[in-house]
Amino acid sequence: MISFAAFEGVWQIEREIADALSGTGHFAGRAQLSASGPGALLYAEEGVLTLAQGGSFAAARQYHWTEEPEEGGVAVHFADGRFFHRFSLGAQAEAAHFCDPDQYDVTYDFADWPRWQSRWRVTGPRKDYVMTSRYIRA
């Protein structure tokens with residue numbers, strides 16, 4: 001099992017967004033996970049998003065990760081503090097988040113640590129995409 005503290009640091013991200021409605025987009029950038037309190041990390045991501053229809057722009061987002069040692073996992077919250085999802089720190093983990101009317105399902109793969117990835121499958125009335133993010137140490 002990977003330790004929560006092992007995530008701290010800077011990661012390069014390559015992301016593919018395969019959207020059934022608009023084509024495939026790409027994101028390239030970095031994520032920094034830095035201590036933000038006992039058992040807490042701030043996930044801060046920034047990079048360039050290139051859309052399938054053309055055009056690129058700067059993109060950024062933040063999450064709060066909190067270690068949950070009793071469950072052997074991590075709770076993820078949006079930047080504004082709302083709960084998003086939780087995942088375990090085994091070789092693979094799955095989680096889900098329903099944001100009415102859309103369903104977000106994620107699989108984390110840590111089997112090739114310190115390389116890891118997340119794969120989000122998002123469906124809803126106006127959403128149908130798979131977003132795969134691959135992380136390696138910067």
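Caption draft 1: Structural detail: the pairing of strand β8 (residues 102-109). The alternating pattern of β8 places Asp102, Tyr104, Val106 and Tyr108 on a buried face, while none of Gln103, Asp105, Thr107 and Asp109, on the opposite face, is buried. Examined bridge by bridge, strand β7 (residues 92-99) and β8 share 8 bridges and lie antiparallel to one another. Its bridge partner lying in β8, Ala95 is registered against Val106. Counting the residues between successive antiparallel strands, the hairpin from β7 to β8 contains 2 residues.

Caption draft 2: Expanded view of unusual backbone geometry. Geometrically, the link from Asp100 to Pro101 is a cis peptide bond, its omega value of 15 degrees lying close to zero. Along the chain, the position of Pro101 falls in the loop between β7 and β8. The omega angle of the peptide bond from Trp113 to Pro114 is 15 degrees, so this bond is cis rather than trans. Assignment of secondary structure puts Pro114 in the loop between β8 and β9 (116-124).

Caption draft 3: A look at the pairing of β9. Both β8 and β9 contribute to a ladder of 7 bridges, which runs antiparallel. Its bridge partner lying in β9, Asp109 is registered against Gln117. From the end of β8 to the start of β9, which pair antiparallel, there are 6 residues. In this structure, β9 lies alongside strand β10 (residues 127-137), joined through 9 bridges in antiparallel fashion. Within β10, the position partnered with Thr123 by the bridge is Asp128. Between β9 and β10, which pair antiparallel one after the other, the connecting turn spans 2 residues.

Caption draft 4: View of the nonpolar core. Counting residues in hydrophobic clusters, the biggest one holds 32 residues, and the most contacted among them are Phe7, Tyr43, Trp65, Phe87, Tyr108, Trp116 and Trp120. Once residues lying within four places of it in the same chain are set aside, the contact partners of Tyr108 are His85, Phe87, Ala91, Gln92, Ala93, Trp116, Gln117, Ser118 and Trp120.

Caption draft 5: Seen up close, the layout of surface pockets. Of the pockets and cavities examined, the largest pocket occupies roughly 300 Å³. For the largest pocket, the lining is made up of 22 residues, of which Arg61, Tyr63, Phe84, Trp120 and Met131 are closest to its centre. Contributions of two or more residues to the lining of the largest pocket are made by β3 (40-50), β4 (56-68), β5 (73-78), β6 (83-88), β7, β8, β9 and β10. Here the lining of the largest pocket is composed, by residue class, of 15 nonpolar, 4 polar and 3 charged.

About the thresholds
- Residues numbered from 1 in each chain as written.
- Predicted model: local features only at pLDDT ≥ 70, side-chain atom pairs only at ≥ 80, totals over all residues.
- Heavy atoms only, no water.
- Buried < 20%, exposed > 50% of the residue type's maximum accessible area, 1.4 Å probe, protein only.
- Helix = DSSP H or I, 4+ residues; strand = E, 2+ residues; numbered from the N terminus.
- Pairing = 2+ DSSP bridges.
- Core = buried A, V, L, I, M, F, W, Y, C linked by side-chain atoms within 4.5 Å.
- Contact = heavy atoms within 4.5 Å.
- 1 Å grid on protein atoms, 1.4 Å probe; cavity = no way out; pocket = protein on both sides within 12 Å on 5 of 7 lines; lining within 4 Å.
- Points joined across faces, edges and corners; volume = space filled by probe spheres on them.
- Nonpolar A, V, L, I, M, F, W, Y, C, P; charged D, E, K, R; others polar.

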